[in-house]
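# Summary of structural features
So the chains spell out like this:
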2 protein chains.
Amino acid sequence: MAHVKIKVEKMDAFCLEVFQKFGFTKEESRIITDVLLLSDIYGIESHGAQRLVRYHKGIQSGMIKVKSKPEIVFETPVSAVIDGHEGMGQIIGHMAMEKAIEKAKTSGIGMVTVRESNHYGIAGYYAKMACDQGLIGLSSTNSEAIVVPTFGRKAMLGTNPIAIAMPAEPYPFFFDAATSVVTRGKFEMYNKAEKPVPDCWGADENGQTCTDAGHVLANIKSKAGGGILPLGGADELTGSHKGYGYAMISEIFTSILSMGTTSNYNLVNNHGGTCHSFVAIDPHIFGDPEDIKGHFSNFLKELRESPKREGHDRIYTHGEKEILASADRKQNGIDVDVKTLEEMQDCANFVGVDFDKYFGDLGVEIHFDPNEHTQY
Amino acid sequence: MAHVKIKVEKMDAFCLEVFQKFGFTKEESRIITDVLLLSDIYGIESHGAQRLVRYHKGIQSGMIKVKSKPEIVFETPVSAVIDGHEGMGQIIGHMAMEKAIEKAKTSGIGMVTVRESNHYGIAGYYAKMACDQGLIGLSSTNSEAIVVPTFGRKAMLGTNPIAIAMPAEPYPFFFDAATSVVTRGKFEMYNKAEKPVPDCWGADENGQTCTDAGHVLANIKSKAGGGILPLGGADELTGSHKGYGYAMISEIFTSILSMGTTSNYNLVNNHGGTCHSFVAIDPHIFGDPEDIKGHFSNFLKELRESPKREGHDRIYTHGEKEILASADRKQNGIDVDVKTLEEMQDCANFVGVDFDKYFGDLGVEIHFDPNEHTQY
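Not measured: the values here are computed from a predicted model.

### Section: the overall build of chain A
For chain A, the count of helices and strands is twelve helices and eleven strands. Here chain A has a C-alpha radius of gyration of 21 Å; the compact-globule value for 376 residues is 21 Å, and the two agree. Within the span of chain A, comprising 376 residues, buried residues form 59% of the whole. Taking contacts inside chain A between residues at least 6 apart in sequence as the whole, the part at least 24 apart equals 64%.

Given below as structure tokens:
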């Protein structure tokens, strides 16, 4: 599929106008756009502009309620529970992490759980919010059940990412990963390329290992059974129960502690009900933040400089690839495939934004065919 | 290798006497014995009586200082940092989790990090301490570097387990797992059985996948390079960077936030320097604990009752296997191999405990040959 490069500033301005046209305030649109663009800039394309269609469809169907405001329904000096009232995930998530940060700054630790939200973009964005203020940030979300538990054949868990960010030199530690072995996006890439997926990635409708990406994706879409495997694959021998366990940790801190919707009821009957969690920890509660940062930075350096596997010349520490991607995207633009561009145009038409004003100079012919596009 | 069954009460009384003879108080010996026996009772034999030799050698060599008392070196209403002064890990760990629980009961959350400790047994014991009091408990520890980072060929990380326990019906959720794909004990089992290990388990001295358990173990022992792979195996394609990331989360909450010894310096020059972390969270800070417990129990039930993979008749939730093992061990005794029994006798002789008083009726001939035994 053809790809184009779009300047970060142009994509930013486009998203900002689109979300305002959807009815979000300028400030809210700024937040939503920031979350989406960080994903693209960090090279996590699956969660950036590619997802615009998901929000477009969610708003159109009424699943995402534009005018909803998140409400704090329970609060202590170290915690809060927020009801998102089915609003936009990014706005709810941003408000929740701000609350966690505020509590960390006064009490040392802040933990906020959220129920009744929607897809909130990359978990790492929220972890980074705390990190940008010198704190340790963690965030997790549950999501539509597309992951089977060990020995199961029905998807009961979301890809349930867990993210953590912590100050370090020369760049922060930033880890954001699904607790499943991969996300749906990876299956889509393999399906497009007509390549079999590794046998630790997917399960068919009988729960058996399945290397046919298209088959697993079709089953996920039609809820025919099977789905993505936990990190560690299909069996205990390779640690499947561990990936399943990390998905459960995500579920505990999102849906369970917020009394919200568990992943197996997420996105059922046009109701998201997505749950998130946000933790901010002030390193002051363990000593001198500069000493801790120095100690951590030194260990990260030792890891990067430790002897490499034959055939490899680099050991990455988490966050390093995102820094490399940032530099590239800011200079060369964001990589967008034509399908995403078509979805962006469709979205622009829907809300009444002049698409050509932003992207008329790209020289790509766009013909939107809804049958070719992912349904949400 | 021949195995015998030993009654829980008999093993308990034996350990209690041995640790008192080592110089620990009765109360301290009670704690150490409890941690070891919970491991055996839960079916995690690798961390129970089998490890007695490790503590024996550690005390003998002076690495574990029997008379050391853990000291709180930094404290806030929600946190503490403890210097273990190279004492016995179980005593330090127990004191640290008690402190975290105390803080959770007054502030809602308690986070305690520990430096300068030694091997503390199973992480899950400490998580369970909080859970037994109606709280959510988490614990993690770093350890001797025997795990390679993704694309590395030198072990830089410990098996760094992360454990979490939370109240639920009909039994608590209990998850305790190394962030590596397996622990060293699994390699030892395969080595004894002369079976090749799965190719996602180990790396040789060049960092390449190695299925020869004996080779990997010998390299670990001689520090010749390679080691165990992170959960997710050797490559990013199978999620290696995720297991490596979870090991880093463990490292952050243990060695980094306590300003302690990172895994790559653990057990160097007869210095343990092991670091731990302990978190207790009172569910009251998110709402009604009974409601939360009910919500969680219901989700766990849905998971267990969800459709099974072809050929499987059970989906486990974490903690279920431990409950099954407990019932068995309490009725039928703990399974101990003859090598462990020999090590127990050697230990008894060293401290002057009458081994036959406890185990003379087992009818097993024991000849201790130090060359056959693991060196620590």
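### Concerning the domain arrangement of chain A
All names here are of chain A. Taken domain by domain, chain A consists of domain 1 (3-60 + 333-372) and domain 2 (71-181 + 229-286). For domain 1 and domain 2, the distance between their C-alpha centroids amounts to 25 Å. Across the contact, twelve residues belong to domain 1 and nine residues belong to domain 2. When residues of the side of domain 1 that touches domain 2 are traced back to their parent elements, those giving at least two are helix H2 (26-41) and helix H3 (52-60). When residues in the side of domain 1 that touches domain 2 are grouped by element, the largest group, seven residues, is from H2. Class assignment for the residues of the side of domain 1 that touches domain 2 results in seven nonpolar, three polar and two charged.

### What to know about the sheet that holds strand E4 (residues 109-117) of chain A
Residue and element names in this part refer to chain A. Across the sheet, which stays open at both edges, the seven strands sit in the order E2-E3-E4-E10-E5-E6-E7 with mixed pairing between neighbours. Both edges of this open sheet fall to strand E2 (71-76) and strand E7 (173-177), since each of them pairs with a single strand only. Neighbour to neighbour, the strand axes of the sheet diverge by 10° on average, direction disregarded. Judged from the five bridges that link them, strand E6 (residues 162-166) and E7 form a sheet pairing that is antiparallel. Within the sheet, the bridge partner assigned to Ile164 lies in E7 and is Phe175.

### Topic: the interface of chain A and chain B
Interfaces are often sized by the accessible area lost when the parts come together. If you look at the interface, chain A gives 62 residues, while chain B gives 62 residues. When residues of the side of chain A that touches chain B are traced back to their parent elements, those giving at least two are E2, strand E3 (79-83), E4, E6, E7, helix H8 (240-256) and helix H9 (289-305) of chain A. Broken down by element, the residue count for the side of chain A that touches chain B peaks at seven residues, all from H9(A). In terms of residue class, the side of chain A that touches chain B is made up of 32 nonpolar, 21 polar and nine charged.

### Considerations on helix H11 (residues 338-351) of chain A
Helix length check: H11(A), at 14 residues, gives a terminal C-alpha distance of 20 Å against a target of 20 Å (1.5 Å per residue), a fit within 8%. Where H11(A) ends, the next residue or the one after it, Gly352(A), has phi of about 85°, a positive value.

### Describing unusual backbone geometry
Glu169(A) connects to Pro170(A) through a cis peptide bond whose omega is 0°. Here Pro170(A) lies in the loop between E6 and E7. Unlike most non-glycine residues, Glu86(B) shows phi in positive territory, near 60°. Along the chain, Glu86(B) falls in the loop between strand E3 (79-83) and helix H4 (89-107). Residue Glu86(B) is classed as buried on the basis of its C-beta count, with 20 C-beta atoms lying within 10 Å.

### So, the sheet that holds E3(B)
Residue and element names in this part refer to chain B. What the seven strands build is an open sheet, ordered E2-E3-E4-E10-E5-E6-E7; its pairing is mixed. What marks the edges here is a single partner per strand, and that holds for strand E2 (71-76) and strand E7 (173-177). With strand direction ignored, the average angle separating the axes of adjacent strands in the sheet is 10°. As paired elements, strand E4 (residues 109-117) and strand E10 (residues 274-281) share seven bridges and run antiparallel to each other. Of the residues in E10, the one forming a bridge with Gly110 is Ala280.

What counts as what
- Residues numbered from 1 in each chain as written.
- Chains lettered and ligands numbered in written order.
- Predicted model: local features only at pLDDT ≥ 70, side-chain atom pairs only at ≥ 80, totals over all residues.
- Helix = DSSP H or I, 4+ residues; strand = E, 2+ residues; numbered from the N terminus.
- Rg over C-alpha atoms; globule rule 2.2 N^0.38 Å.
- Buried ≥ 20, exposed ≤ 12 C-beta atoms within 10 Å, placed from the backbone.
- Contact = placed C-beta atoms within 7 Å.
- Domains from an automatic or database assignment.
- Nonpolar A, V, L, I, M, F, W, Y, C, P; charged D, E, K, R; others polar.
- Pairing = 2+ DSSP bridges.
- Axes fitted to C-alpha atoms, helices over the stretch in contact; angles between N-to-C directions.
- Expected span 1.5 Å × (residues − 1).

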